[in-house]
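# Examining the three-dimensional arrangement
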Amino acid sequence: MELENLKGVGPKTLEALHKLEIYTIDDLINYYPYRYQILKPEKLTNTDMVLTIVGKIENTPKVVYIKRNLNRLTFRFITNEKIINVTLFNRGFLKDQLAIGQDLTLTGKYNAKTNSFVASDIRLKKIEDTLIEPKYHLIKEIKNNLFLKLIDEAMKNYEGITDYIPQTLSESYHFLSKDSALKEIHKPTNMQLLKKAQLKFIYEELFIFTFKINYLKYKNSLEHDFLKRTNQKQLIETFINDLPFTLTFDQQTAIDDILQDFIHPKRMNRLILGDVGSGKTIVAFTAMYANYLDNYQSVLMVPTEILAKQHYENIKNLFSKYSLNIKLLIGNMQKSEKQQILEDVKNHKIDILIGTHAVLNEELEFANLGLVITDEQHRFGVNQRNNLQNKGQKVDVIYLSATPIPRTYALTLYGDMDTSIIKTKPKGRKEVVTEIKKESELKEVLFKVLEEIKAGHQVYVVAPSILDSEGMEIENVDSLKEKFTKAFKGIVKIGILHGKQKAKDKDNVLQDFANKKYNILISTTVIEIGIDVGNATMMIIFNAERFGLATLHQLRGRVGRSSLTSYCYLISNYEKERLQVLKESNDGFYISQKDFELRGEGDLFGSKQSGDMSFKIANVQRDYKILLQAKKDSDIYLKSLLAGKTFNNFYNEIMKKIDFID
Ligand code: ADP
Ligand code: MG
């Protein structure tokens, strides 16, 4: 059955479901609640706490319209204890559904003095014992109640669903069947069964994930045919000695690892993990140089045009004395220009290509691709990564990532890759001085801004993206621009950067900022990734409480990129304790660990951080033990499949869900 044929799904709802990336009944059923609300009838007591009570309506409910957007629904209500007066605001529309004698469950606060109960929530039935209500991440067009109805309908109409946990494992762990688990997850009977259902889905998700990784590892181990490589140690050393700085120990080690991989009879599949500002770029550039010396082409894919351009400028400078041919390929380019690049890549007139996902263009064919590098790897889905890798046979692959995950996680999650970790920061770096300020202290901060600008330095101002009533992201950079323009009346030049601008405008603004045409750059988090302007020494982040610590740390990484002392002001009226972590530390690994401790989860595995690791129900930190077990199980299982030659069936089944390996 198609989603649009489901009872209750009209064109509007269908469109809304698509926004949630729900396209089929299967998608709908597999859209799990993110939390559950537990309701239990309580005794009527005069506390400041929210209570849930049950009872019956005693008189005909009345509605009073107070203002255009304000009405009050009132009635008397019989509870076990006594008759009370109930008030609900803005629920006038419920009047016709309420009658004398009707059972209700109400949630709200009771005031014994006035014998009145102000309810914030109402259910048109009496709950007997405990009610476990699923809550879904939804949008304005689909409320929780409608969604529950749709799930209900879907559960009646779906045609069985594949269980990806092999039967033997399912039996030995006494997991619920997939059907019962689905029922429990959306309509829990009790806490115990709900926990069992969750466990099953968490395990299933992690099993599939680790199976993929084990499979990729196995596949890599089968390859025997490799690119011909030489060891050009001398030339590479000369190149490194010519750099304007000395490499850190970890940078050198990462480069050594890469050079080893090149000559090792194995396809390179290496992750370079390093905190922001640890200097991963030069490692990548050196690898591309080595690849060039072996007469192969390299491609570097990055998530944004801004970053692509920046890398392009840097690498051109770096190799200005060399005869490498370097080109930039982005979506926003003249057709003829693009065509020329496609042709030149095909004829090996280009040695190094830098680009956004435009480099995934099907028409792009390399003459002799040897090395693929993805920067800010965590921003890409695995599919995209794999496409690129398939552009050449046997190509070596490097991923750069700033996701500060502890080593043990990295080894498990990136189990199919070899890992180099860059921990040491370049010499002479000072820690970014970080202060937390209330909005009322802004004046003080603005004086500091003025000081920095007078010293010839530049300042980033970051505004969070906020949601408008449509649920669309809008940016309030404009209001900040007003504020700053007013504060510095004509003394400073201000640039504006946000995600809704045309790529060309973004590039111009950034280029102008790098060329010091602006003193201040006001932007949204688009600057979070990768941008490198050494003269920028101050960052002010508004509404800092809206961000995860890992994101704040990434943002802050835009300053402190030279030997100048840099400052970061976190403006927030709330959450001092969490933000304090950033004041204490400049170490991304420590910060993400702390964020986890303080919030129960970090944002490093949040959907935004990890294109390839966004789990629906599993939480890698919370469920780490399950992850380890699933990894072990899937490894044994893969081996038994391979030995028993039943591999193809299972493989095909599992691949329907796992679409990233060819
Ligand atoms: P990230 O790891 O965040 O990508 P980058 O590669 O952009 O960091 O490096 C940050 C800055 O540090 C760049 O301006 C780069 O030129 C500089 N840099 C990199 N390595 C060193 C080093 N060993 N010594 C001094 N500066 C360095
Ligand atoms: Mg970088």
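Coordinates for the structure precede this section.
Scope of this entry: the structure provided in the associated data block. (Residues numbered from 1 in each chain as written. Chains lettered and ligands numbered in written order. Predicted model: local features only at pLDDT ≥ 70, side-chain atom pairs only at ≥ 80, totals over all residues. Heavy atoms only, no water.)

## Looking at the site of ligand 1
Our working rule: The near set for a molecule or strand comprises every residue that places at least one heavy atom within 4 Å of it. The Shrake-Rupley method, run with a 1.4 Å probe sphere, supplies the accessible areas, and residue values consider only the shown protein chains as cover. Here the term cavity refers to a set of points on a 1 Å grid, laid over the protein atoms alone, in which a 1.4 Å probe fits but cannot get out; the term pocket refers to an open set having protein on both sides within 12 Å along at least five of seven lines, with lining residues being those that place an atom within 4 Å of a point. Think of it this way: if more than half of a molecule's atoms are within 2 Å of a pocket's grid points, that molecule is in the pocket or cavity.
Among the 16 residues in the neighbourhood of ligand 1, the closest are listed as Gly277, Lys280, Thr281, Arg429 and Asp532. Within the complex, 83% of the 570 Å² of free accessible area of ligand 1 lies under protein. Comparing atom positions with the cavity grids shows ligand 1 to sit within the second largest pocket.

## What about the layout of surface pockets?
Any space left empty among the atoms is revealed by the rolling of a water-sized probe across them. We apply this condition: Grid points are joined across faces, edges and corners, and a volume is the space filled by probe spheres set on the points. Runs of H or I in DSSP of at least four residues are treated as helices and runs of E of at least two as strands, each being numbered from the N terminus. Any residue outside Ala, Val, Leu, Ile, Met, Phe, Trp, Tyr, Cys, Pro, Asp, Glu, Lys and Arg is labelled polar, Gly included; the first ten of those are nonpolar and the last four are charged. Domain delimitation follows an automatic or database domain assignment.
In this structure, the second largest pocket encloses a volume near 1,200 Å³. Where the lining of the second largest pocket is concerned, the elements lending two or more residues are helix 9 (280-293), helix 10 (305-318) and helix 16 (503-514). Examining the composition of the lining of the second largest pocket, we find that 9 residues originate from one element, helix 10, more than from any other. Its residues assigned to classes, the lining of the second largest pocket shows 16 nonpolar, 17 polar and 12 charged. There are two domains that each give the lining of the second largest pocket at least three residues, and those are domain 4 (229-422) and domain 5 (433-599).

## With respect to the side chain of Ser298
Heads up, the condition is: Relative accessible area decides the class of each residue, using a 1.4 Å probe on protein chains only: under 20% of the type maximum gives buried, over 50% gives exposed, and in between gives partly exposed. The contact criterion used is simple: two residues touch if any of their non-hydrogen atoms lie within 4.5 Å.
Within the fold, Ser298 resides in strand 10 (residues 297-301). Under the relative-accessibility criterion, Ser298 is labelled buried at 1%. The contacts of Ser298, once residues within four sequence positions are left out, are Met288, Asn291, Asp351, Ile352, Leu353, Leu369 and Leu371.

## Re helix 7 (residues 233-241)
Inclusion rule: Note that the arc is computed from the directions linking the helix axis to the C-beta atoms.
For helix 7, every residue scored as buried is listed here: Ile236, Phe239 and Ile240. In a view along the axis of helix 7, the buried residues occupy a sector of 95 degrees, so they form one face of it. For helix 7, the exposed residues set more than 90 degrees away from the buried face come down to Gln234 and Asn241. For helix 7, the secondary structure elements touched by its buried residues are helix 8 (249-263), helix 9 and helix 10.

## Quick notes on the nonpolar core
Just so we agree on the cut-off: For the purposes of this section, nonpolar cores are sets of buried Ala, Val, Leu, Ile, Met, Phe, Trp, Tyr and Cys residues that join through side-chain atoms within 4.5 Å.
Ranked by internal contacts, the top residues of the largest apolar core, which has 117 residues, are Leu17, Leu28, Phe147, Leu353 and Ile398. With 11 residues, the top contributor of residues to this core is helix 6 (residues 191-222). In contact with Ile398, not counting residues within four places along its chain, are Ile258, Met268, Arg270, Ile272, Ala287, Leu371, Val372, Ile373 and Thr374. Counting residues in each nonpolar core, the second largest holds 28 residues, with Ile541, Leu549, Leu552 and Ile591 among its members.

## Topic: the sheet that holds strand 11 (residues 326-329)
Quick note on the threshold: At least two DSSP bridges between two strands are required for those strands to pair. Working convention: axes come from line fits to C-alpha atoms, limited for helices to the stretch in contact. Angles between N-to-C directions cover 0 to 180 degrees.
With respect to topology, 7 strands assemble into an open sheet ordered 11-12-10-13-14-9-15, the strand pairing being parallel. If you trace the sheet from one side to the other, it starts and ends with strand 11 and strand 15 (418-422), each paired once. Strand-to-strand twist across the sheet, computed as the mean angle between neighbouring axes with direction ignored, equals 20 degrees. In this sheet, strand 14 (residues 396-401) lies alongside strand 9 (residues 269-274) in parallel orientation, the contact comprising 5 bridges. What sits directly across from Arg270, in strand 14, is Ile398.

Purely geometric stuff here, so don't read any function into it on its own.
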